[in-house]
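Structural overview for review
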Amino acid sequence: MFQQITALPPDPLLGIAAAFKQDTNPKKVDLGVGVYKTEDGKTPILTSVQKALQILLDTEASKSYIQPRGNQAFLDGMEKLVLGNDNPLISSGRVESVQAPGGTGSLKLGFQLIKRSNPNAKIWVSGPTWANHVALIKSTGLDHAEYPYYDKKNNALKADEMLEALAQLGPNDVVLLHGCCHNPTGEDLTPELWSKITELALEKGFLPFIDIAYQGFGQDLDTDVAGVRELLSKVPEALIATSCSKNFGLYRERTGLITTVSETPELAAAALSHVLNIAREIYSMPPSYGGAAVGIILQDQALTTEWKGELAEMCARMRTLRSMLVNKIHERGVDEDFSFINRQNGMFTFLGITPEQVQAIRDEYAIYMAGSSRINIAGISSSNVDYIADAVAAILKK
Ligand code: LMR
């Protein structure tokens with residue numbers, strides 16, 4: 001049976017973690033996979049999450065199946081978090097959500113739903129986008145193409161080109177947008193661009209599919225999704241894939257949800273039935289623990305406040321790390337201006353160095369980053385920032 005298959009190369013992102021682990025250089029630095037780290041390089045469980053998990057441990061009376069759509073407190077709480085507490089969409093009957101295994105599982109359900117509704121749909125992804133977006137689209141058997149997004153040379157959005165490209169689209173098209181903290185560039189849509197994209201979606205009829213994996217990692221929970229909320233208040237239909245991996249630090253608990261916004265409550269019910277059916281065909285129902293923990297947090301005011309404080313702390317730390325890195329590189333007298341890193345949001349930025357320079361920095365300094373030169377800001381610390389800045393400066397001056 002399996003004689004015909006040959007080994008694949010490592011995953012472009014997860015492979016970095018494996019290579020890093022094997023490196024014996026004591027100075028090695030991991031700026032690869034998007035995982036939050038504290039000053040001492042640890043990824044601890046948030047205190048609010050620990051408390052919620054303890055409550056769960058103390059109160060969970062059965063390991064019987066959970067309902068296929070997931071934990072209701074989780075779904076209700078997350079809809080409010082993303083859409084806003086008083087969003088009339090929530091009571092309109094036009095919104096349905098299904099818990100899914102992480103952001104990836106949520107995206108997969110969304111793409112499968114698109115495939116069922118319109119097998120000829122074409123998914124437009126930002127150039128560049130998260131590597132796994134394209135893999136998920138391809139594995140669903142959908143067509144895809146890139147819309148212009150980031151100008152690597154000038155470290156800026158390709159705003160005009162993007163709008164021109166989106167203006168060519170129609171009802172068979174789906175535009176995958178990053179809700180905030182664009183992965184991999186860190187460069188977010190401005191409020192004006194969200195408005196213009198909303199207008200284009202209304203005029204041309206394409207479906208916005210929003211990936212929200214970093215809410216609260218940019219500015220704050222509300223500001224980060226202001227553009228998304230504006231868009232959702234106007235468009236007839238949308239899909240939203242939300243991940244709790246980063247903002248709740250629940251990476252391994254695979255916690256996320258897919259939300260459908262439909263034109264009418266009847267269409268919303270139909271979409272829900274299909275999402276549930278698709279999930280049943282792949283994995284039946286989602287894992288319980290992560291969703292249950294988030295549900296407990298979002299239902300409890302004290303735990304919510306504690307979680308928001310922890311999230312704000314992570315966000316503030318990444319801002320500090322950004323400016324620390326920019327200053328340290330600048331102090332080393334390199335010609336290139338890295339101040340764009342301060343303007344950007346979330347966990348990632350492109351250093352803008354070539355793949356050869358990425359390889360050289362790995363070989364010579366044991367500093368690991370994605371081949372695109374994307375770095376995980378949270379991998380920087382006050383104890384390694386000088387080493388990183390020395391390496392970047394040396395590589396650039398070569
Ligand atoms: C990343 O982009 O590094 C994270 O989202 C982790 C992943 O699954 O790729």
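Refer to the structure printed above.
Residues numbered from 1 in each chain as written. Predicted model: local features only at pLDDT ≥ 70, side-chain atom pairs only at ≥ 80, totals over all residues. Heavy atoms only, no water.

A look at the overall build of the chain
When its secondary structure is counted, the chain shows 16 helices and 13 strands. Its C-alpha atoms give the chain a radius of gyration of 21 Å, within 12% of the compact-globule value 21 Å for 398 residues. Overall, the chain is about 60 × 55 × 55 Å in size when its C-alpha atoms are taken along their principal axes. Expressed as a percentage of its 398 residues, the buried residues of the chain come to 54%. (Helix = DSSP H or I, 4+ residues; strand = E, 2+ residues; numbered from the N terminus. Rg over C-alpha atoms; globule rule 2.2 N^0.38 Å. Buried < 20%, exposed > 50% of the residue type's maximum accessible area, 1.4 Å probe, protein only.)

Brief notes about the site of the ligand
Residues in close proximity to the ligand include Leu 13, Val 33, Gly 34, Trp 130, Asn 183, Tyr 214, Lys 246, Phe 348 and Arg 374, which together make up its full environment. Contact between the ligand and Gly 34: an oxygen atom at 2.7 Å from a main-chain N or O atom of the residue. Take Asn 183: an N or O atom from its side chain is 3.0 Å from an oxygen atom of the ligand. Coverage of the ligand by the protein chains reaches 81% of its 260 Å² of free accessible surface. Broken down by class, the residue content of the shell around the ligand amounts to five nonpolar, two polar and two charged. (Near = heavy atom within 4 Å. Polar contact = N/O pair within 3.5 Å; in protein donor to acceptor, adjacent residues only side chain to side chain. Areas by Shrake-Rupley, 256 points an atom, 1.4 Å probe, with all protein chains shown as cover. Nonpolar A, V, L, I, M, F, W, Y, C, P; charged D, E, K, R; others polar.)

A word on the side chain of Arg 374
Structurally, Arg 374 is set in strand S13 (residues 374-376). Buried Arg 374, no salt bridge; nearest opposite-charge side chain is Asp 30, N-O distance 8.2 Å. Among all residues touching Arg 374, those that are not within four sequence positions of it are Leu 13, Leu 31, Gly 32, Val 33, Gly 34, Asn 183, Pro 184, Phe 348, Thr 349, Phe 350 and Met 369. (Lys, Arg positive; Asp, Glu negative; His and termini not counted. Salt bridge = Lys/Arg side-chain N within 4 Å of Asp/Glu carboxyl O. Contact = heavy atoms within 4.5 Å.)

Comments concerning unusual backbone geometry
Each neighbour pair has its own omega, and for Gly 127 with Pro 128 the value is 0 degrees, a cis peptide bond. Note on placement: Pro 128 falls in the loop between strand S3 (122-127) and helix H6 (131-140). The backbone of Ser 284 sits at a positive phi, close to 75 degrees, despite the residue not being glycine. Examined against the element boundaries, Ser 284 turns out to sit in the loop between helix H11 (265-282) and helix H12 (289-299).

Brief notes about the nonpolar core
Counting residues in hydrophobic clusters, the biggest one holds 98 residues, and the most contacted among them are Leu 232 and Ile 367. Excluding anything up to four places from it in sequence, Leu 232 contacts Leu 83, Leu 89, Ile 210, Ala 238, Ile 240 and Val 261. (Core = buried A, V, L, I, M, F, W, Y, C linked by side-chain atoms within 4.5 Å.)

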